[in-house]
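# Architecture and fold: a report
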Amino acid sequence: METRSQIHARAFVKAWTGFVVLALYLPIVCGALAGLSKGRYFGFPVRIFSTEWWGKTVASLEIQTLVQNSLLIAFIVTLVSVFFAFFGALAFARYDWKGRRLFQKAILLPVFFPQPVLGLALLLWFNAIGINPSWQTAVIAHLVWIVPVVTLVIAIQVYSFDPTLEEAARDLGASRWFILKEITLPILWPGIWSGALFAFLLSWGNFPLSLYTAGVDSTIPKWLYSKMVAGYSPMVPALGTMSTLSAATLLLAGGLVIMILRRRQRDA
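Throughout what follows, the structure given in this document is the object of discussion. This structure is a prediction, so every number in the text was calculated from the model and none was measured.

### So, the overall build of the protein chain
- Each helix and strand in the protein chain was counted, giving eleven helices and zero strands.
- Along the first, second and third principal axes, the C-alpha atoms of the protein chain reach 70 × 70 × 30 Å.
- Burial status across the protein chain gives 38% buried among its 268 residues.
- For the protein chain, the share of sequence-separated contacts (at least 6 apart) that also reach a separation of at least 24 residues comes to 72%.

### Topic: the packing of aromatic side chains
- Within this structure, the stated rule accounts for eight aromatic pairs.
- Consider the rings of Phe-83 and Phe-87, whose centres lie 5.4 Å apart with planes at 70 degrees: the pair is edge-to-face. With a gap of four residues between them, Phe-83 and Phe-87 both fall in helix α3 (residues 61-94), about one helical turn apart.
- Here Phe-87 falls in the partly exposed class, since its relative accessible area comes to 46%.
- By way of ring pairs, the aromatic residues Phe-83, Phe-84, Phe-86 and Phe-87 are connected into one cluster.
- Looking at Lys-56, its charged tip hangs above the ring of Trp-53, at a distance of 4.5 Å from the centre.

### Observations regarding the layout of surface pockets
- Within this model, the largest pocket holds a volume of roughly 610 Å³.
- Elements supplying a minimum of two residues to the lining of the largest pocket: α1 (4-35), α8 (176-204), α10 (220-229) and α11 (235-267).
- Tallying contributions element by element places α11 first for the lining of the largest pocket, with ten residues.
- When grouped by side-chain class, the residues that make up the lining of the largest pocket number 17 nonpolar, six polar and no charged.

### Structural notes on empty space enclosed by the protein
- Using the criterion set out here, one finds two cavities of 30 Å³ or more in the structure.
- What the largest cavity holds in volume is close to 40 Å³.
- Lining the largest cavity are Ser-70, Ile-73, His-142, Ser-203, Trp-204, Asn-206, Ser-210, Thr-219 and Pro-221.
- Secondary-structure elements contributing two or more residues to the lining of the largest cavity are α3 and α8.
- Here the second largest cavity is characterised by a volume of approximately 30 Å³.
- Together, Leu-90, Arg-94, Tyr-95, Val-158, Phe-161, Glu-166, Thr-184 and Leu-188 line the second largest cavity.
- The class makeup of the residues in the lining of the second largest cavity is five nonpolar, one polar and two charged.

### Quick notes on the side chain of Thr-219
- Along the polypeptide, Thr-219 turns up in the loop between α9 (208-213) and α10.
- Judged by its relative accessible area of 3%, Thr-219 is buried.
- The contact partners of Thr-219, leaving out residues within four places of it in the chain, are Leu-66, Ser-70, Ile-73 and Ser-210.

### Comments concerning the packing of α3 against α10
- Relative to each other, α3 and α10 sit at 135 degrees, their axes nearing to 8 Å. Taken as axis vectors, α3 and α10 run oblique relative to one another. Facing Glu-62, Ile-63, Leu-66, Val-67 and Ser-70 of α3, the residues of α10 in contact are Ile-220, Pro-221 and Trp-223.
- The residue makeup of the contact of α3 with α10, split by class, is six nonpolar, one polar and one charged.

### Quick notes on the environment of Ala-169
- Its location among the elements puts Ala-169 in helix α7 (residues 163-171).
- Here Ala-169 falls in the buried class, since its relative accessible area comes to 11%.
- Between the alpha carbons of Ala-169 and Ile-183 there is a distance of 8.6 Å; along the sequence they are 14 residues apart.

### Comments concerning the nonpolar core
- With 35 residues, the main nonpolar core has Ile-154, Val-158 and Leu-188 as its most contacted residues.
- Within the residue set of this core, elements represented by two or more residues are α3, α5 (115-128), α6 (135-159) and α8.
- The dominant element in this core, judged by the number of residues it contributes, is α6, at eleven residues.

### A short note on the environment of Lys-181
- Position of Lys-181 among the secondary structure elements: in helix α8.
- Note: C-alpha distance between Lys-181 and Gly-130 (51 residues apart in sequence) is 42 Å.

Basis of the calculations
Residues numbered from 1 in each chain as written. Predicted model: local features only at pLDDT ≥ 70, side-chain atom pairs only at ≥ 80, totals over all residues. Heavy atoms only, no water. Helix = DSSP H or I, 4+ residues; strand = E, 2+ residues; numbered from the N terminus. Buried < 20%, exposed > 50% of the residue type's maximum accessible area, 1.4 Å probe, protein only. Contact = heavy atoms within 4.5 Å. Phe/Tyr/Trp six-rings, centres within 6.5 Å; stacked < 30°, edge-to-face > 60°. Lys NZ or Arg CZ within 6 Å of the ring centre and 35° of its normal. 1 Å grid on protein atoms, 1.4 Å probe; cavity = no way out; pocket = protein on both sides within 12 Å on 5 of 7 lines; lining within 4 Å. Points joined across faces, edges and corners; volume = space filled by probe spheres on them. Nonpolar A, V, L, I, M, F, W, Y, C, P; charged D, E, K, R; others polar. Axes fitted to C-alpha atoms, helices over the stretch in contact; angles between N-to-C directions. Parallel < 35°, antiparallel > 145°, perpendicular 65-115°, else oblique. Core = buried A, V, L, I, M, F, W, Y, C linked by side-chain atoms within 4.5 Å.

Structural data, given as structure tokens:
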């Protein structure tokens with residue numbers, strides 16, 4: 001039977017958890033209400049609810065271009081990040097080789113580097129070599145910061161990898177390609193999928209790097225910032241809410257896929 005102090009501690013934890021959740025999601029709820037208000041400026045309580053601004057946001061050609069740019073950048077960044085991070089994670093956590101410690105430190109450096117400073121440095125570098133900023137340079141900028149993050153995510157899965165499985169397959173005469181396809185990849189799939197989710201969401205919502213390196217090719221975070229600074233429209237909270245809901249849906253779907261992959265591993 002719980003003591004009075006345990007009951008009070010449990011109640012405190014629940015209350016604190018509720019406060020944290022409220023502090024995290026209240027701004028998102030306010031943004032959603034602002035997008036559903038018929039008025040041009042947000043006022044609480046909302047007098048008249050309307051989906052007018054959501055409809056205008058979906059029908060806007062400018063918004064459609066922004067979504068296309070953001071999706072294009074995020075997809076390319078995801079594919080390239082996962083490709084390089086997969087081999088980087090094996091080098092980071094699986095194999096022991098000369099220069100491994102230096103490689104591990106070099107991988108961590110961009111993660112802790114301030115993104116605005118990194119974006120400005122990349123912009124100066126692009127200008128120095130005569131490259132005009134565009135969505136392609138934004139892809140490069142995103143990769144500089146996101147590849148290390150994805151490498152660390154996949155490396156977590158690699159650390160739990162049992163190398164004796166590969167050695168047993170090698171002793172039985174399996175080729176390197178067969179070992180990679182039938183043993184290494186299936187075991188690392190949860191980490192690879194997690195890294196892909198991280199890469200897509202970090203690129204989709206990245207503002208500092210896109211601000212400096214995307215040039216005239218605007219993305220959703222850049223557009224939201226520019227409209228908040230000048231020329232505010234209720235399409236801002238509407239688009240922000242749509243973007244947040246899309247990211248949350250993708251995150252939940254990705255989490256479900258990871259659970260299925262790990263369950264298959266346990267059952268195998």
